[in-house]
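Tertiary structure, described
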Amino acid sequence: MSVNTGGVPDANAIPIPKKDADESMDAAACIGCGACVATCKNGSAMLFVAARVSSLALLPQGKVEAARRAKAMVAKMDELGFGGCTNTGACEAECPKGISIAHIARLNREFLCAKLKD
């Protein structure tokens, strides 16, 4: 006996709230220039990493690997010796694309949730 239970919806067909789509596109605008790292007193790459994680965290396509992505990117940043973020906002002020430090908060939430799932 076979029953058609339907398929998994295509991620590209899932409606995304405009606010989330706009925020994701803002984060994806990061050009990786390193201005945020250069201006940070701690040499933190948090804004760059946060922009990369945040651009996918808001979209259904990014949910599948969200936990693994957040843990891997933070681990690599630590391995390379980048400093921690102290939220002074210098990175946001210097960013030529105007990436918000609100993305750092999202990165921290994504990372914490990923670690709690372990």
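Let me sum up the structure you'll find in this document. (Residues numbered from 1 in each chain as written. Predicted model: local features only at pLDDT ≥ 70, side-chain atom pairs only at ≥ 80, totals over all residues. Heavy atoms only, no water.)

**Things to note about the overall build of the protein chain**
Note the threshold: The helix count covers DSSP runs of H or I at least four residues long, the strand count covers runs of E at least two residues long, and both are numbered beginning at the N terminus. Throughout, exposure labels follow a simple rule: accessible area from a 1.4 Å probe, protein chains only, divided by the maximum for the residue type, with under 20% read as buried, over 50% as exposed, and the rest as partly exposed. Every residue pair with non-hydrogen atoms within 4.5 Å of one another is taken to be in contact. Asp and Glu are treated as the negative residues and Lys and Arg as the positive ones, with His and the ends of the chain left uncounted. One atom stands in for each charge, and that atom is NZ of Lys, CZ of Arg, CG of Asp or CD of Glu.
Per the secondary structure count, the protein chain includes six helices and zero strands. Along the first, second and third principal axes, the C-alpha atoms of the protein chain reach 65 × 30 × 20 Å. Looking at the protein chain as a whole, 30% of its 118 residues qualify as buried. At a minimum sequence separation of 6, the contacts of the protein chain that also span at least 24 residues come to 76%. Charged side chains of the protein chain number 14 positive and 12 negative; the gap between the two group centres comes to 3 Å.

**Some remarks on helix α1 (residues 18-28)**
Short version of the rule: Working definition: the arc comes from the directions between the helix axis and the C-beta atoms, pointing outward to the latter.
Every buried residue of α1 is listed here: E23, S24 and A27. Viewed along the axis of α1, the buried residues span an arc of 100 degrees, placing them on a single side of the element. In α1, the exposed residues that point more than 90 degrees away from the buried face are K18 and M25. Those residues of α1 hidden inside the fold are in contact with α3 (46-57) and α6 (102-117).

**Concerning the side chain of S55**
To keep it simple, the criterion reads: Pairs of N or O atoms within 3.5 Å make up the polar contacts considered here, provided that, within protein, one atom can donate a hydrogen while the other can accept it, and that residues adjacent in sequence are counted only when both atoms are side-chain atoms.
Position of S55 among the secondary structure elements: in helix α3. S55 gets classed as buried once you look at its relative accessible area, which sits at 11%. Here R52 takes part through its backbone oxygen, which lies 3.0 Å from a polar atom of the side chain of S55. In contact with S55, other than residues within four places in its own chain, are S24, A27 and A28.

**As for the pattern of salt bridges**
Working definition: two side chains of opposite charge can pair if their charged atoms are close together. For clarity, the cut-off: In what follows, salt bridge is the name for a side-chain nitrogen of Lys or Arg lying within 4 Å of a carboxyl oxygen of Asp or Glu.
Taken as a whole, this structure holds seven salt bridges when the rule is applied. The partner of R106 in a salt bridge is E23, and the shortest N-O contact between them spans 2.6 Å. Here the residue R106 occupies a position in helix α6, and E23 occupies one in helix α1, the gap between them amounting to 83 residues. Taking relative accessible area as the criterion, R106 reaches 12% and is therefore assigned buried. Overall, E23 belongs to the buried group, its relative accessible area being 19%.

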